[in-house]
Each structure stands twice: as structure tokens, then as C-alpha cells.
Amino acid sequence: VDSHTYELCSDLVDVVIDVSCIYGLSTDDDFVIPYDRASSSAIRLNNGMVLYLRQVSKYLALVCVIREEYFTKRSLVDFNIDCFRRSLGLVTGRIQDPNNDVNTSILEG
């Protein structure tokens, strides 16, 4: 990815966090959650590309650079991101593998 696209992705994350600090969800201890499981943001660029941001975990967001014609199938993009989110949960031990009776958590030792 070229540096210009990287900067656009970084700016998208910054803008979403800044807007969420104003309009986001607040917790009991006045900590603002920048985005939740249903949060997303899409920006169409003038070069035929779309920047699409989705929350993956509490501290991780995924920014996709997608051609505009592929973004018309947004439900397929969302499905793939959800598969990535589940796989990431399995790798980090945050969720249990449905094919295995043993919890895959490495944190429980």
C-alpha cells in the first residue's frame, strides 16, 4: 500500500474516534467507547476506491481498501470481516472453537 493510502486509512480511524468521543457510547466511568460491534464507516474516494472501517475487537479496527464495484456487495464484505473476527478470536483464545470441546484460551493456562 502506498503512503498516501496508508495516511487516508489512518485519518479515517482518527476521524471515527474523534466523532465517537463526541457522539459515542459512554460507560459508567465516563470512558467513551469509540466503536462497537455494529459500527462502520465508508468513504468513497474519487479514484473509484472505497475505504471501509469495521470494528474487529475492543482495541482493533479493520480498514479495507476496496474497489467501488466490489463494495456494492457490502453484505459479502461484512460476512468476510465477521469470519476474520471469529478467526482472530480463536487465535487469541477469546472464543471457544465449536469443533473442539476444550476451550482454546491460552490465558487460562
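This text gives an overview of the structure that appears in the document. These figures come from a predicted structure and were not determined experimentally. All chains use their own residue numbering, which begins from 1 and follows the written sequence. pLDDT decides what is reported in this predicted model: residues at 70 or higher carry local features, side-chain atom pairs at 80 or more are listed and counted, and totals for whole chains, interfaces and linings draw on all residues regardless. The side-chain numbers reported here are obtained from all heavy atoms of the structure, hydrogens and water having been left aside.

1. What about the pattern of salt bridges?
- A carboxyl oxygen of Asp or Glu within 4 Å of a side-chain nitrogen of Lys or Arg is what we treat as a salt bridge. Per the stated rule, a full pass over the model turns up five salt bridges.
- Here glutamate 68 and arginine 44 are joined by a salt bridge, their closest N and O atoms 3.4 Å apart. Separated by 24 residues along the polypeptide, glutamate 68 in helix α2 (residues 68-71) and arginine 44 in strand β3 (residues 40-44) bring together distant segments of the chain.
- Between aspartate 82 and arginine 85 there is a salt bridge, with its nearest N and O atoms 3.0 Å apart. Here the residue aspartate 82 and the residue arginine 85 both occupy positions in helix α3 (residues 74-92), the gap between them amounting to three residues, near one helical turn.
- Owing to a relative accessible area of 24%, aspartate 82 belongs among the partly exposed residues under this scheme.
- A 1.4 Å probe rolled over the protein chains alone gives each residue an accessible area, and that area as a share of the maximum for its type sets the label: buried under 20%, exposed over 50%, partly exposed in between. Assessed through its relative accessible area of 9%, arginine 85 is described here as buried.
- Among the ionic contacts, a cluster of salt bridges with common partners joins Arg54, Arg74, Asp78, Asp82 and Arg85. Each helix is a run of H or I in the DSSP string that is no shorter than four residues. Each strand is a run of E no shorter than two, and both are numbered from the N terminus.

2. Comments concerning the packing of aromatic side chains
- Between 30 and 60 degrees the pair is tilted, below 30 it is stacked and above 60 it is edge-to-face, where a pair is any two Phe, Tyr or Trp rings, Trp via its six-membered ring, whose centres lie within 6.5 Å. Here the structure, examined in full by the defined rule, presents one aromatic pair.
- With 5.1 Å between their ring centres and 65° between their planes, tyrosine 52 and phenylalanine 71 make a pair best called edge-to-face. With tyrosine 52 in strand β4 (residues 49-57) and phenylalanine 71 in helix α2, this pair connects stretches of sequence that are 19 residues apart. Exposure class is identical for tyrosine 52 and phenylalanine 71. Each is buried.

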